[in-house]
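Each chain, written out:
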Amino acid sequence: MLSVKLTLLFGLVAITLGCNVPTKHYSTMKCTPINKKGSECPERFDCPSITNHVNSKCYFNGDTYALSEQVPNEKVAPFCSALCYCRSGSPFAQFRCTHVDCAEFFHRFDYDNCIRTYKPNGCCSAGQVCGEDKKKLAKCTVNGDDFLAGQRMHPNSNKCLTCICHEGFNEANIGSDPYCYESTCGFELFYAKQAYGGAAPVYYEDRCCPWEWRMPKDSDKLIKGSSKNTDKQLQCQYGRLAMNVGDRLETEVTDQYTYECSCQIPPLAQCVMTKLQKE
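Let me sum up the structure you'll find in this document. From a predicted model like this one, the values you see are computed outputs, not experimental measurements.

1. Some words on the overall build of the protein chain
Across its full length, the protein chain carries six helices and 24 strands. For the C-alpha atoms alone, the extent of the protein chain along its principal axes is close to 70 × 55 × 45 Å. Across the 279 residues of the protein chain, 39% fall into the buried class. Here the analysis covers contacts within the protein chain between residues at least 6 apart in sequence; of these, 43% occur between residues at least 24 apart. Accessible surface for the protein chain amounts to roughly 16,600 Å². Of this, 49% is attributable to carbon and sulfur atoms. Looking at charge distribution, the protein chain has the averaged site of its 31 positive side-chain charges lying 5 Å from that of its 31 negative ones.

Here you go:
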């Protein structure tokens, strides 16, 4: 049987179909996948911002920032942030940002008669349409739900994609639609201490970006897999712990969630969080 591997390009991010391991944290850091012949998933990722990390610099979406250097506002706008600049910190430099409070947060809105409209990669709404003008707007259907021109949509076919409804929208063409854009994860802006301090990204349900970062705990218990590998490039660093592919931590169960953490694609371990089902 012929095995065909397809790669879709959204901007500069490559998503390989067939690999069911979430790797959005690597693509956010602009890590390079190192592929292994015959494997659906990369063998590992080459991440200069991890392996060559300079404590006096900040990192965001593949770019490096010196102390006091500011990230362009258009790059942080999706996170309702502005004026993000690199500042010294312990154990390493981190960003400090100003939070943007959108005007619509402070007044009542007539949801029955109006809709808010948005532009790609924005935080706040770009305007609103009401009454008879609302009835004239083009309509879109995504995931079986109806939307009006200007509204945000999240296709189930790609959990990392957001689309703005517009006239002529076709869900079958979201890969080339200029009004569809891939989510950028903001953890380097707000969780650099965790992301670059040995923590593991935690993925939850169908969310695109890591939901949180799990820091190593003294209570962590390692369960070894079958690998006898000694190549550090093929190991996941989790705090001071070096994990081979297939190694995992003992499952952690809280009052609400279950955490399954393992080494699947180096250099970082990763976790999956699932909500406990109530009996």
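2. Regarding the nonpolar core
The biggest cluster of nonpolar side chains holds 19 residues, and the ones touching the most others in it are Y26, M29, Y196, W213 and I265. Aside from chain neighbours lying at most four places away, what touches Y196 is M29, S49, I50, H53, Y59, F92 and E188. By size, the runner-up hydrophobic cluster in this structure holds 14 residues, among which are V202, Y204, Y257 and Y259.

3. Remarks on the state of the cysteines
Within the structure shown, the criterion is met by 13 disulfides. Note on cysteine connectivity: C163 is disulfide-linked to C180, with sulfurs 2.0 Å apart. Sign of the S-S torsion, about 110 degrees for the bond between C163 and C180, identifies this disulfide as right-handed. Here C180 lies in strand β15 (residues 180-182) and C163 lies in strand β14 (residues 161-164), a separation of 17 residues in the sequence. In terms of burial, C163 and C180 fall into one category: buried.

4. So, the pattern of salt bridges
In total, this model carries seven salt bridges according to the counting rule given. With a closest N to O distance of 2.8 Å, E252 and R214 form a salt bridge. Of the two residues, E252 sits in strand β22 (residues 252-253) while R214 sits in strand β17 (residues 212-214), which places them 38 residues apart along the sequence. R214 sits in the buried class, given a relative accessible area of 7%.

5. Some thoughts on the pairing of strand β9 (residues 114-117)
Alternating residues of β9 divide into C114 and R116 and I115 and T117, and every residue in both groups is buried. With four bridges joining them, β9 and strand β10 (residues 127-130) adopt antiparallel strand pairing. The residue of β10 that forms the bridge with R116 is Q128.

6. As for the pairing of strand β11 (residues 139-142)
The alternating pattern of β11 places C140 and V142 on a buried face and K139 and T141 on a face that is not buried. The pairing of β11 with strand β12 (residues 145-148) spans four bridges and is classified as antiparallel. Bridged to K139 within β12 is L148.

7. Description of unusual backbone geometry
Residue P91 is bonded to the preceding S90 through a cis peptide linkage, with omega at 10 degrees. Take P91: it is sitting in the loop between β7 (81-87) and β8 (94-99). Geometrically, the link from P266 to P267 is a cis peptide bond, its omega value of 20 degrees lying close to zero. Locating P267 in the fold gives a position in the loop between β23 (257-262) and β24 (270-275). Notably, N143 is not glycine yet its phi reads approximately 55 degrees, a positive angle. Looking at the element boundaries, N143 is found in the loop between β11 and β12.

Procedures and definitions
Residues numbered from 1 in each chain as written. Predicted model: local features only at pLDDT ≥ 70, side-chain atom pairs only at ≥ 80, totals over all residues. Heavy atoms only, no water. Helix = DSSP H or I, 4+ residues; strand = E, 2+ residues; numbered from the N terminus. Buried < 20%, exposed > 50% of the residue type's maximum accessible area, 1.4 Å probe, protein only. Contact = heavy atoms within 4.5 Å. Areas by Shrake-Rupley, 256 points an atom, 1.4 Å probe, with all protein chains shown as cover. Lys, Arg positive; Asp, Glu negative; His and termini not counted. Charge placed at Lys NZ, Arg CZ, Asp CG, Glu CD. Core = buried A, V, L, I, M, F, W, Y, C linked by side-chain atoms within 4.5 Å. Disulfide = S-S within 2.5 Å. Salt bridge = Lys/Arg side-chain N within 4 Å of Asp/Glu carboxyl O. Pairing = 2+ DSSP bridges.

Geometry only, nothing functional implied.
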